[in-house]
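Letter by letter, the chains look like this.
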Amino acid sequence: STDYSVDRTSLLAIDQINVASSIVTEASLRSPLALLNLSASQHMIELAKPVSALLYVRHGLRHLGQEGWVSNFDVCLRLHDAGCLSSYLNGMPRGVEAYIEEIMKHTTDMMGRMKSIYVLIRTLGTSGRQEVAVEKAFHFLGLLGEDFPDDVSLTDIQSALASTKTKLAKYSHDQILTSLPRLTDEKKHWAMVILAVFLPYVYTVCPNYIPLIACIMVDTSLASGLCRESASGFFHVGVVSIGYFGEVEYGYQLSKLSLSILQLFNARSLYPKMKCLMNGYVSFWVEPLQSTAMSLAESYEEALMVGDVEYAMIGSTVSCMQNIVCGRELFAMEKEMDALATQMAQMNQTYNLFGLISMHKAVCTLTGTQKDPFRASRIPMKDEDEVVSKFASERPSLVQLIYFHQIFVAIFCSKYEVVLKLSSEYQSISQRKATIHDIFVVFFQGLSSLRLYRLQQNTPELYSMGMSVLRQFQSWVTHSEWNFENKLLLLEAEVHFSKGEHDLAEEKYLAAIESARKHRFVHEEGLSNELLSTFYKSRREDKKGQEFMMNAILCYRKWGAFGLLAQPRFQDFNVGKDVKPI
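The subject of this paragraph is the pattern of salt bridges. Where side chains of opposite charge bring their charged atoms close, a pairing between them can arise. A complete count under the given rule lists 23 salt bridges for this structure. We note a salt bridge from Lys421 to Glu425, for which the minimum N-O separation is 2.8 Å. You can see Lys421 and its partner Glu425 sitting in helix H24 (residues 416-429), four residues apart, about one turn around the helix. Classification of Lys421 as exposed rests on a relative accessible area of 52%. The exposure class assigned to Glu425 is partly exposed, which follows from its relative accessible area of 25%. Because the salt bridges share partners, they merge into one network encompassing Glu506, Arg539, Glu541 and Lys544.

A separate point is the nonpolar core. In this structure, Phe198, Phe234, Phe473 and Tyr556 are the most contacted members of the largest nonpolar core, which totals 201 residues. Take this core: its biggest share by element is 12 residues, from helix H23 (residues 396-412). Each residue touching Phe234, except ones within four places of it in the same chain, is listed here: Leu168, Ile176, Val218, Ser221, Leu222, Leu226, Leu254, Leu257 and Ile261.

On the surface, Ile23, Val24 and Leu29 cluster together into a nonpolar patch covering about 270 Å² of accessible area. Following the sequence through the fold, Leu29 ends up in the loop between helix H1 (8-19) and helix H2 (30-46). A relative accessible area of 40% means that Leu29 is categorised as partly exposed.

Across the interface, H1 lies against H2 with an axial gap of 11 Å and an inter-helix angle of 130°. Here H1 is positioned oblique relative to H2, judged by the angle of their axes. As for the relative orientation of H1 and H2, their crossing is left-handed in sense. Residue-level contacts link Leu11, Ile14, Ile17 and Asn18 of H1 to Leu33, Leu36, Asn37, Ala40, His43 and Met44 of H2.

Summed over the entire model, instances satisfying the criterion amount to 30 aromatic pairs. A ring pair is formed by Phe473 and Phe484, whose centres lie 6.1 Å apart and whose planes are at 75°; its orientation type is edge-to-face. Within this pair, whereas Phe473 is found in helix H26 (residues 460-476), its partner Phe484 is found in helix H27 (residues 481-498), the two being separated by 11 residues in sequence. On the basis of an interplanar angle of 80° and a centroid distance of 6.1 Å, the ring pair of Tyr556 and Phe570 is categorised as edge-to-face. In this pair, Tyr556 is assigned in helix H30 (residues 542-559) and Phe570 in the segment after helix H31 (562-565), connecting sequence segments 14 residues apart. With respect to class, Tyr556 is no different from Phe570; both count as buried. A cation over a ring is seen here: Lys165 above Tyr250, with NZ or CZ 4.7 Å from the ring centre. A cation over an aromatic ring shows up here: Arg182 above the ring of Phe265, its NZ or CZ 5.1 Å from the ring centre.

The end-to-end C-alpha distance of helix H3 (residues 50-64), which contains 15 residues, comes to 21 Å, matching closely the 21 Å that a straight helix rising 1.5 Å per residue would cover. One or two steps after H3, the chain reaches Gly65, where phi turns positive at roughly 80°.

On to the state of the cysteines. According to the stated counting rule, one finds zero disulfides in the structure shown. Just so you know, Cys76 is unpaired, no disulfide at all, and the nearest cysteine sulfur is the one on Cys84, 12 Å from it. Free of any disulfide, Cys215 has its nearest cysteine sulfur in Cys206, 15 Å distant. Take Cys215: its relative accessible area is 3%, and that puts it in the buried class.

Look at helix H9 (residues 154-168) against helix H14 (residues 230-245): their axes get within 11 Å of each other, and the N-to-C directions meet at 125°. The angle between H9 and H14 falls in the class oblique. As for the relative orientation of H9 and H14, their crossing is left-handed in sense. Where H9 approaches H14, its residues Leu154, Ile157, Gln158, Leu161, Thr164 and Leu168 are matched on the opposing element by Phe234, Val237, Val240, Ser241, Tyr244 and Phe245. For the contact of H9 with H14, the class distribution of residues is nine nonpolar, three polar and no charged.

All right, on to unusual backbone geometry then. One non-glycine residue with positive phi stands out, namely Ser414, at about 60°. For Ser414, a relative accessible area of 26% gives the class partly exposed. With a phi angle near 65°, Arg540 is a residue other than glycine that sits in the positive phi range. Looking at the element boundaries, Arg540 is found in the loop between helix H29 (522-538) and H30. You can call Arg540 exposed: its relative accessible area is 75%.

Calculation rules
Residues numbered from 1 in each chain as written. Predicted model: local features only at pLDDT ≥ 70, side-chain atom pairs only at ≥ 80, totals over all residues. Heavy atoms only, no water. Salt bridge = Lys/Arg side-chain N within 4 Å of Asp/Glu carboxyl O. Helix = DSSP H or I, 4+ residues; strand = E, 2+ residues; numbered from the N terminus. Buried < 20%, exposed > 50% of the residue type's maximum accessible area, 1.4 Å probe, protein only. Core = buried A, V, L, I, M, F, W, Y, C linked by side-chain atoms within 4.5 Å. Contact = heavy atoms within 4.5 Å. Patch = residues over 30% accessible without salt bridge, like charges linked within 9 Å, V, L, I, M, F, W, Y side chains within 5 Å. Areas by Shrake-Rupley, 256 points an atom, 1.4 Å probe, with all protein chains shown as cover. Axes fitted to C-alpha atoms, helices over the stretch in contact; angles between N-to-C directions. Parallel < 35°, antiparallel > 145°, perpendicular 65-115°, else oblique. Left-handed = near helix turned anticlockwise from the far one by under 90°. Phe/Tyr/Trp six-rings, centres within 6.5 Å; stacked < 30°, edge-to-face > 60°. Lys NZ or Arg CZ within 6 Å of the ring centre and 35° of its normal. Expected span 1.5 Å × (residues − 1). Disulfide = S-S within 2.5 Å. Nonpolar A, V, L, I, M, F, W, Y, C, P; charged D, E, K, R; others polar.

Here it is in structure tokens:
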């Protein structure tokens, strides 16, 4: 069986043959006609037209007839594999499972089943069944010779990463790209494919396993050769190096290497995925957040063009997250999240839907919009508390995301006790600092602890917590002045205020305001103005206090946070919109 080259003319011919399939009775034509439709289906997938791809699969199987598994096993298997993939791309999990059931019924060879297993794991993961996807992936990886421990400790992570970094140190990045052989072992190759595909679900279900998976992928690449999935392994070793050990430059360079590996294999279909991962987890440590948020938004269209619906949705969700922490206008974000939630539901991409709806609720709270995104969505949950209760053990990263959205609202509402409580719960799930929300939780925790330290006597632990956060930002600002300078300055102002060093505190507050303005973080400019206002009021400089409170209000209005401005502490000012307080 030889694949056929397909162009526009031959597609028309195939369509005509399919229309007349009922009069094609010659048995010797069944296999060539089925193969023509298989080639047409593969061509449609390349053109990101999964509906047409699935139709060609059905025509191909119709040509083979009921005896297809007996008369032409290879073509029948490949058509079922194509049916799995096109059903997945069409958001049809039941279709995927039907094709896989047929494959499992008629094949006994493990390698012959791997394409459908790969699609099954993706289907389970994107349709909201991440726990099942991870469980099945670990099972099949065991059959491929990759075993994992029942639990992973920090010592395990440190040991695995140290071993992998020692091996990596023997190669320059150029040597990795030019000297390593290509991976030819079929069993190891499929293990790499499964390891790469279930990583996002591992992050949601059992994030402590990510370092081990990344190290296994890099170790396999160094020992047995590179494949395009190697890029994911190198990238995640970089993320782990940043998140657990603060090695930002090392992680940033590994992320660039991962993109070079994809270019080496001309793996264009994986570019949008890697672009999404780089801007979502690494680039913001060095590059302006506004820039990475824009790149994430661009990756949406790029991912759809190559048929990667999953990472189109992931990229859009992370872009929304970064735009919110950048201080983008909130009403524009509301509209974007409305449209994105509808699209996710239509495409059965529920993997990110819970987190998106929680984020949407936080934005509606800040804007004062009288809308409950949980009720408006199709998910069978009434609020965040129900989501947390259901997924506390199954999807800890989702629970962290929900906590972050609540922390984000609480800090602007001056609910510092709530921030500390939720931050503690957030960090009890994972101590790593790899995502943008990890960073902001630390920042808000530092601000809250220092402000509460001044209000509560005999709480040296709160001051210690604030100083610990300050030292963290002193390290991070060396990698990106744009993203971290104004936050560091505001923390320094709070420390000086706590120590009674009022002149230094005033200087740092003013510098934090200017830095936030220069780097276009309008919401943090507002927060810095508000905190400076309370500083002046504590010293009975009421005129200055009112001046900077008005500046804060102007920033919050520009941000679109009218729900925030309806709070009692702003009641003496005309905020410009009639909304109910948070």
